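What follows is each chain in one-letter form.
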Amino acid sequence: MEGGRLRSKRLSVLLPRPTGFYRGLLPQMRRGFEEAGFEVSGTCETLDEQGLLEWCRTHKPDIVFDMNRTRSQVPYLPREVLHATWIVDFLGRSDAQIQGSELTYFFTTGWVAAFHYNTFTDWLPPGSCPSTYEPSGSPFASDVSVAGHVPPPWSEAELARNVSRTDRRLAFRDILGTFETYVQGLDPDSGANHTSHWDEVNRIVRAATGDDIIDDPTIRYDLLGRLPRTGLRKSMVTEALDAGTSLRIFGTQGWAAWPRLAPHYQGFLEDPAALSGVYSSSRINLHEGEGMHFRSLDCLGAGGMLFYCTHKKSTDKHGGWNYVPPGARVNDTMKPLVPGEHYIEYYPGEFAEKARFYLAHPALAEKVRQNARSAIAEHHTWRHRALKIARDLKAL
């Protein structure tokens, strides 16, 4: 590697599905990896054994960068091809199923802390593409926007599902509240992960039926994936409505299934440029969950003002975007994004006060937008993520 650029390394980016999101993401990633010195090929099609082997014969990658799929899931990948997995979603899997890859990257620092195998692991947040996400110059179209996914309400059929292995029937609704209370009460330093969460589900079900929960991947995903995506996200948007701000909602159709939110739902935007325009034409963009997310970084890169709703701010113990749990072997030293300088963080219940302040001080809000835009371009693009991967490859 010379001057931070990797020489003569062919890399294939493998994204999970040919959805609008992934079709838009692929050229952004490709551009960043090429700027870092890789020769890049890529696809959004799920490649089976025959397809992957043909891909390798055609494109001759030295390494594949595979989102959400580990080497253990593609044992037919030629051994001379290195495999880097990027776990963005556990998809209901246990951490014991995340193995085999030469490089294992996780979307969150918490997942790094929970991963205990003797292999290379590290945190890899997404990057942004500065030529895709840039200020539009359009006038503001709303006070507030939110983009992303929210699941619809539980259906009666879903709530009535029997989760018991025994003759003692137990409905999904009967464990839902207990498990949700358990998750909300977890200490961030507890070391809890998908495996320990599932152990708690089994404890709840055993107490009622004498045996573990049924082996159903949909129920596992509903408890470990769908449930966390609903609570704070929905209440965050409802709080913005309660504050009297004008609101636009973009994303999957789950939003339209919630009666109070449905009138504000604008649809799904497949074109990244259109989404960039939403970020820059909104006085405030809402975000919660993982701080360093596709949506948050792209919003900041587009010159959007980001409001981050969280139960734990950076001033709290174990709080903030940059908090790394004990045990997380995080090797990267990327420049952090700072609340108040690059984005605004707030507790649930504080939105109205924070929004009134920044809506009344547009020059200060613009300064935060400019700071964020500069920080993304200088430290958080796909080129920066690709250069990290290049360094990790060199260290293997």
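Check the entry above for the structure.
Per chain, residue numbering runs from 1 following the sequence as it is written. For a predicted model such as this one, the threshold for reporting local features is a pLDDT of at least 70, and the threshold for listing and counting side-chain atom pairs is 80 or more; totals across whole chains, interfaces and linings nevertheless cover every residue. Note: side-chain values were computed over all heavy atoms of the structure, leaving out hydrogens and water.

K.L.:
In this structure, what is going on with the nonpolar core? I would like to understand it.
P.N.:
One recurring pattern in soluble globular proteins: nonpolar side chains tend to sit buried together. Among the buried residues, those of types Ala, Val, Leu, Ile, Met, Phe, Trp, Tyr and Cys that are joined through side-chain atoms within 4.5 Å form a nonpolar core. For every residue, the accessible area (1.4 Å probe, protein chains only) is compared with the maximum for its type, and the residue is labelled buried under 20%, exposed over 50%, or partly exposed between those bounds. Residues Leu15, Phe38, Phe65, Trp86 and Leu337 are the most contacted members of the largest nonpolar core, which totals 59 residues. No other element matches helix H13 (residues 382-395), which puts 6 residues into this core. Core analysis: the second largest hydrophobic core is formed by 26 residues, Ile284, Leu286, Ile344 and Ala365 among them. The numbering of helices and of strands both runs from the N terminus, where a helix is a DSSP run of H or I of at least 4 residues and a strand a run of E of at least 2.

K.L.:
Got a minute to help me understand the pattern of salt bridges in this structure?
P.N.:
Where charged atoms from two side chains of opposite charge come close, those side chains can pair. One speaks of a salt bridge when a side-chain nitrogen belonging to Lys or Arg is within 4 Å of a carboxyl oxygen belonging to Asp or Glu. Evaluated as defined, the whole model comprises 20 salt bridges. Of the charged contacts in the structure, one is a salt bridge between Arg69 and Asp66, with a shortest N-O distance of 3.1 Å. Overall, Arg69 belongs to the buried group, its relative accessible area being 15%. For the salt bridge of Glu102 with Arg79, the shortest nitrogen-to-oxygen distance reads 3.8 Å. Taken together, the residues span a long stretch of sequence, with Glu102 in the loop between strand S4 (82-87) and strand S5 (103-106) and Arg79 in the loop between strand S3 (63-67) and S4 at a distance of 23 residues. Overall, Arg79 belongs to the exposed group, its relative accessible area being 58%.

K.L.:
How should I be thinking about helix H12 (residues 362-379) in this particular structure?
P.N.:
What sets the pattern is the α-helix's 3.6 residues per turn: residues three or four places apart point alike. Multiply 1.5 Å by the residue count of a helix minus one, and that product is the helix's expected span. Spanning 18 residues, H12 covers 26 Å between terminal C-alpha atoms, matching the ideal 26 Å at 1.5 Å per step. Of all the residues in H12, the buried ones are Ala365, Val368, Arg369, Ala372, Ala375 and Ile376. The buried residues of H12 occupy an angular sector of 130° when projected down its axis, which confines them to one face. Exposed residues lying more than 90 degrees from the buried face of H12 are Ala363 and Glu378. By the convention used here, residues are in contact when the closest approach between their heavy atoms is within 4.5 Å. Buried residues belonging to H12 abut strand S10 (282-288), helix H10 (294-301) and helix H11 (351-360). The arc under discussion is defined with respect to the helix axis, by the directions toward the C-beta atoms.

K.L.:
Any chance you could explain the sheet that holds strand S6 (residues 120-123) here in plain terms?
P.N.:
Note on pairing: DSSP must find at least two bridges between two strands before they are called paired. Overall, parallel pairing links the 6 strands, which are arranged S2-S1-S3-S4-S5-S6 in an open sheet. At either margin of the open sheet sits one strand with a lone partner, and together these are strand S2 (38-43) and S6. Between one strand axis and the next, the sheet turns through 20° on average, direction left out of account. Across 4 bridges, strand S1 (residues 9-14) lies against S3 in parallel orientation. In this analysis an axis means a line fitted to C-alpha atoms, helices contributing only their contacting stretch, and an angle means the value between N-to-C directions, from 0 to 180 degrees.

K.L.:
Teacher, can you tell me more about the state of the cysteines here?
P.N.:
The term disulfide refers to a covalent linkage connecting the sulfur atoms of a pair of cysteines. Cysteine sulfur atoms are paired as a disulfide whenever they fall within 2.5 Å. Counted under the stated rule, the structure contains 0 disulfides. We note that Cys309 lacks a disulfide partner, and the nearest cysteine sulfur, in Cys299, lies 15 Å from it. The class of Cys309 is buried, set by a relative accessible area of 1%.

K.L.:
Can you help me understand the environment of His287 in this one?
P.N.:
Of note, His287 is situated in strand S10. Here the alpha-carbon distance between His287 and Val146, two residues 141 residues apart in the chain, equals 7.1 Å. Setting aside anything within four residues of it in sequence, one finds His287 in contact with Met236, His293, Arg295, Ser296, Leu306, Phe307, Tyr308, Cys309 and Trp321.

K.L.:
I'm lost on the sheet that holds strand S12 (residues 344-346) in this one. Help?
P.N.:
Within a beta sheet, neighbouring strands are joined by backbone hydrogen bonds and run either parallel or antiparallel to one another. Strand order in the open sheet formed by 6 strands is S9-S8-S7-S10-S11-S12, and the pairing between neighbours is parallel. What marks the edges here is a single partner per strand, and that holds for strand S9 (265-267) and S12. Averaged over neighbouring strand pairs, the angle between their axes works out to 30° when direction is ignored. Alignment of strand S7 (residues 142-148) against strand S8 (residues 247-251), held across 5 bridges, turns out to be parallel. Along S8, the bridge assignment pairs Val146 with Ile249.

K.L.:
Quick question: what am I supposed to make of the side chain of Arg248 here?
P.N.:
As for its placement among the helices and strands, Arg248 is situated in strand S8. Put simply, Arg248 is tucked away with no salt bridge, and the nearest opposite charge, on Asp143, sits 9.6 Å away. Polar contacts involving the side chain of Arg248 include one to the side chain of Ser281, which spans 3.1 Å. Discounting chain neighbours no more than four positions away, the residues touching Arg248 are Ala141, Ser142, Val144, Ser145, Val146, His264, Gln266, Val278, Ser281 and Ser282. His is not counted here, nor are the chain ends, while Lys and Arg score as positive and Asp and Glu score as negative. By the criterion applied in these results, polar contacts are pairs of N or O atoms within 3.5 Å in which, for protein atoms, one can donate a hydrogen and the other can accept it, and in which residues neighboring in sequence qualify only through two side-chain atoms.

K.L.:
I keep staring at unusual backbone geometry and nothing clicks. Help me out?
P.N.:
Glycine aside, the phi torsion of most residues is negative, and most peptide linkages are trans. With phi around 50°, Lys60 is a residue other than glycine that occupies positive phi space. In this model, Asn68 sits at a positive phi of 75°, which is unusual for a non-glycine residue. For Asn68, the location among the structural elements is in the loop between S3 and S4.

K.L.:
For this particular structure, what's the right way to read the packing of aromatic side chains?
P.N.:
Working definition: an aromatic ring pair is given by the centre-to-centre distance plus the angle between the planes. Each Phe, Tyr or Trp ring, with Trp reduced to its six-membered ring, pairs with another whose centre is within 6.5 Å; inter-plane angles below 30 degrees give stacked pairs, above 60 give edge-to-face pairs, and intermediate values give tilted ones. What the rule picks out here adds up to 23 aromatic pairs. The interplanar angle of 75° and the centroid separation of 5.9 Å between the aromatic rings of Tyr105 and Phe120 together place this pair among those described as edge-to-face. A residue pair is termed long-range when its members are at least 10 positions apart, and Tyr105 in strand S5 and Phe120 in strand S6 qualify at 15 residues. Classification of Tyr105 by relative accessible area gives buried; the value is 0%. Measuring from centroid to centroid gives 6.0 Å for Phe307 and Tyr358, while their planes differ by 80°, and the two rings are edge-to-face. Residue Phe307 is located in strand S11 (residues 306-309), and its partner Tyr358 is located in helix H11; the two are separated by 51 residues in the primary sequence.

K.L.:
Would you mind showing me how to read the pairing of S8 here?
P.N.:
Both faces of the sheet carry side chains from a regular strand, because those side chains alternate between them. With respect to burial, S8 is a largely interior element, 5 of its 5 residues being buried. Of the two faces of S8, the one holding Leu247, Ile249 and Gly251 and the one holding Arg248 and Phe250 are both buried throughout. The sheet contact formed by S8 and S9 spans 2 bridges and is parallel. By the bridge assignment for S9, Ile249 is matched with Tyr265.

K.L.:
Would you mind going over the packing of H10 against H12 with me for this structure?
P.N.:
At a closest axis distance of 7 Å, the pairing of H10 and H12 adopts a crossing angle of 115°. When the interaxial angle is binned, H10 and H12 end up roughly perpendicular. Contact with H10, carried on its side by Leu297, Leu300 and Gly301, involves Ala372, Arg373 and Ile376 of H12 and no other residues of that element. Just so you know how the angles are binned, under 35 degrees is roughly parallel, over 145 roughly antiparallel, 65 to 115 roughly perpendicular, and the rest oblique.

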